[in-house]
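Each chain is listed here by its residues.
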Amino acid sequence: MKNWPQIIFDALISWDVSILTYIPDAGNAALVKLAETQNSMQTVLLTTEEEGVGICAGADLVGKRGVLCMQSSGVGNCPNFMSLVKAGRFPIFLIISMRGDYGEQNPWQYPMGSAVKPILDTMGISTFYINDEDDLENTANAALATSFKGGQAAALILTQKFLGAKNF
């Protein structure tokens with residue numbers, strides 16, 4: 001689906017997300033470009049994923065909404081900071097582009113790919129998987145509602161079946 005970044009971006013705007021933190025990744029590049037063109041949204045390039053957890057928690061403390069975009073391998077960098085999310089009950093919203101699942105050709109991606117859900121479950125972060133374009137808009141909005149209306153941490157997980165497996 002070529003238009004998926006616009007659908008997610010429109011959902012973020014409709015939920016008043018004003019900060020998009022990210023680690024550069026092919027899976028989130030188009031979404032980041034859209035955010036960079038939006039005057040009401042600030043993009044923050046991170047040096048490590050856990051910085052985004054702290055920025056999004058801080059955004060919540062001042063009445064703003066943030067999102068952290070990262071690849072699945074970055075989830076492994078975050079458990080210590082995600083304990084802050086769990087203990088502080090911050091409504092953190094994550095967008096995770098998966099590696100190590102459907103059609104993966106890089107054996108180094110499998111260990112962290114299989115650890116994403118157990119880590120998120122342990123940290124009390126609800127997971128919402130996108131496997132095909134038919135579920136994208138409804139699932140994205142359900143995940144955003146969980147986070148920003150329900151006050152819970154949530155992760156929108158873009159699987160390789162949805163994004164397409166990389167050829168390297």
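Only a predicted model underlies this, so the values are computations on that prediction, with no experimental measurement involved.

Caption draft 1: View of the side chain of Thr159. With respect to the helices, strands and loops of the structure, Thr159 is situated in the loop between strand 6 (154–158) and helix 8 (160–163). Polar side-chain contacts of Thr159 include one of 2.8 Å to the backbone oxygen of Ile130. Excluding residues that lie within four positions of it along the chain, Thr159 makes contacts with Met98, Asp101, Tyr129, Ile130 and Asn131.

Caption draft 2: Layout of the sheet that holds strand 3 (residues 65–71). If you walk across this open sheet you meet the six strands as 2-1-3-4-6-5, and the pairing is parallel. Looking at strand neighbours, the two that pair on one side only are strand 2 (42–45) and strand 5 (126–130), the edges of this open sheet. Between one strand and the next, the sheet's axes are offset by a mean angle of 20°, whatever the strand orientation. Pairing of strand 1 (residues 17–22) with strand 2, which is carried by four bridges, proceeds in the parallel orientation. Bridge pairing in strand 2 places Tyr22 opposite Leu45. Seen against the sheet, helix 7 (residues 136–148) touches strand 1, strand 3, strand 4 (93–97), strand 5 and strand 6 and runs at an angle of roughly 165° to strand 5.

Caption draft 3: Spotlight on the environment of Leu156. With respect to the helices and strands, Leu156 occurs in strand 6. Take Leu156: its relative accessible area is 0%, and that puts it in the buried class. Taking C-alpha positions, Leu156 is 6.4 Å from Ala143, a pair spaced 13 residues apart along the chain. When residues no more than four places from it in sequence are discounted, the contact partners of Leu156 are Ile8, Phe93, Leu94, Ile95, Ile96, Phe128, Ile130, Thr139, Ala140 and Ala143.

Caption draft 4: Spotlight on a negative patch on the surface. Taken together, Asp132, Glu133, Asp134 and Asp135 make up a surface patch of like negative charges. Taking the relative accessible area as the measure of exposure, Asp135 reaches 36% and is therefore partly exposed.

Caption draft 5: View of the nonpolar core. Core analysis: the largest hydrophobic core is formed by 29 residues, its most contacted members being Ile8, Leu12, Leu20, Phe93, Ile95 and Leu156. At six residues, helix 1 (residues 4–14) tops the list of elements feeding residues into this core. With sequence-adjacent residues up to four places away left out, Ile95 is seen in contact with Ile8, Leu12, Leu31, Val67, Leu68, Cys69, Met70, Leu156 and Leu158. Core analysis: the second largest hydrophobic core is formed by 28 residues, Phe90, Met98, Val116 and Ile157 among them.

Caption draft 6: Highlighting the packing of helix 1 against helix 7. Interhelical geometry of helix 1 versus helix 7 gives an angle of 30° and a closest axis separation of 10 Å. Classed by the angle they form, the pair helix 1 and helix 7 counts as roughly parallel. The chirality of how helix 1 crosses helix 7 is right-handed. Contacts between helix 1 and helix 7 pair Trp4, Ile7, Ile8, Ala11, Leu12 and Ser14 from the former with Leu136, Glu137, Asn141 and Leu144 from the latter. Tallied by class, the residues present in the contact of helix 1 with helix 7 amount to seven nonpolar, two polar and one charged.

Caption draft 7: Inspection of the pattern of salt bridges at higher detail. Under the counting rule described, the total for this entry stands at two salt bridges. Taking the shortest distance from any N to any O, the salt bridge between Asp121 and Lys117 comes out at 3.1 Å. Of the two residues, Asp121 and Lys117 both sit in helix 6 (residues 110–122), four residues apart, roughly one turn of that helix. Relative accessible area serves as the criterion here: at 34%, Lys117 is assigned to the partly exposed category.

Caption draft 8: Representation of the packing of aromatic side chains in the model. In the structure shown here, the tally under the stated rule is two aromatic pairs. Seen from their ring centres, Trp4 and Phe162 are 5.9 Å apart, and the 65° between their planes marks the pair as edge-to-face. With a gap of 158 residues between them, Trp4 in helix 1 and Phe162 in helix 8 connect regions that are remote in the sequence. Accessibility classification places Trp4 together with Phe162 in one group, the buried group. Where Phe93 meets Phe148, the ring centres are 6.1 Å apart and the plane angle is 40°; that geometry is what we call tilted. Here Phe93 is found in strand 4, whereas its partner Phe148 is found in helix 7, with 55 residues between them in sequence. The pair formed by Phe93 and Phe148 is uniform in burial state, with each residue classed as buried.

Calculation criteria
Residues numbered from 1 in each chain as written. Predicted model: local features only at pLDDT ≥ 70, side-chain atom pairs only at ≥ 80, totals over all residues. Heavy atoms only, no water. Helix = DSSP H or I, 4+ residues; strand = E, 2+ residues; numbered from the N terminus. Polar contact = N/O pair within 3.5 Å; in protein donor to acceptor, adjacent residues only side chain to side chain. Contact = heavy atoms within 4.5 Å. Pairing = 2+ DSSP bridges. Axes fitted to C-alpha atoms, helices over the stretch in contact; angles between N-to-C directions. Buried < 20%, exposed > 50% of the residue type's maximum accessible area, 1.4 Å probe, protein only. Patch = residues over 30% accessible without salt bridge, like charges linked within 9 Å, V, L, I, M, F, W, Y side chains within 5 Å. Areas by Shrake-Rupley, 256 points an atom, 1.4 Å probe, with all protein chains shown as cover. Salt bridge = Lys/Arg side-chain N within 4 Å of Asp/Glu carboxyl O. Lys, Arg positive; Asp, Glu negative; His and termini not counted. Charge placed at Lys NZ, Arg CZ, Asp CG, Glu CD. Core = buried A, V, L, I, M, F, W, Y, C linked by side-chain atoms within 4.5 Å. Parallel < 35°, antiparallel > 145°, perpendicular 65-115°, else oblique. Left-handed = near helix turned anticlockwise from the far one by under 90°. Nonpolar A, V, L, I, M, F, W, Y, C, P; charged D, E, K, R; others polar. Phe/Tyr/Trp six-rings, centres within 6.5 Å; stacked < 30°, edge-to-face > 60°.

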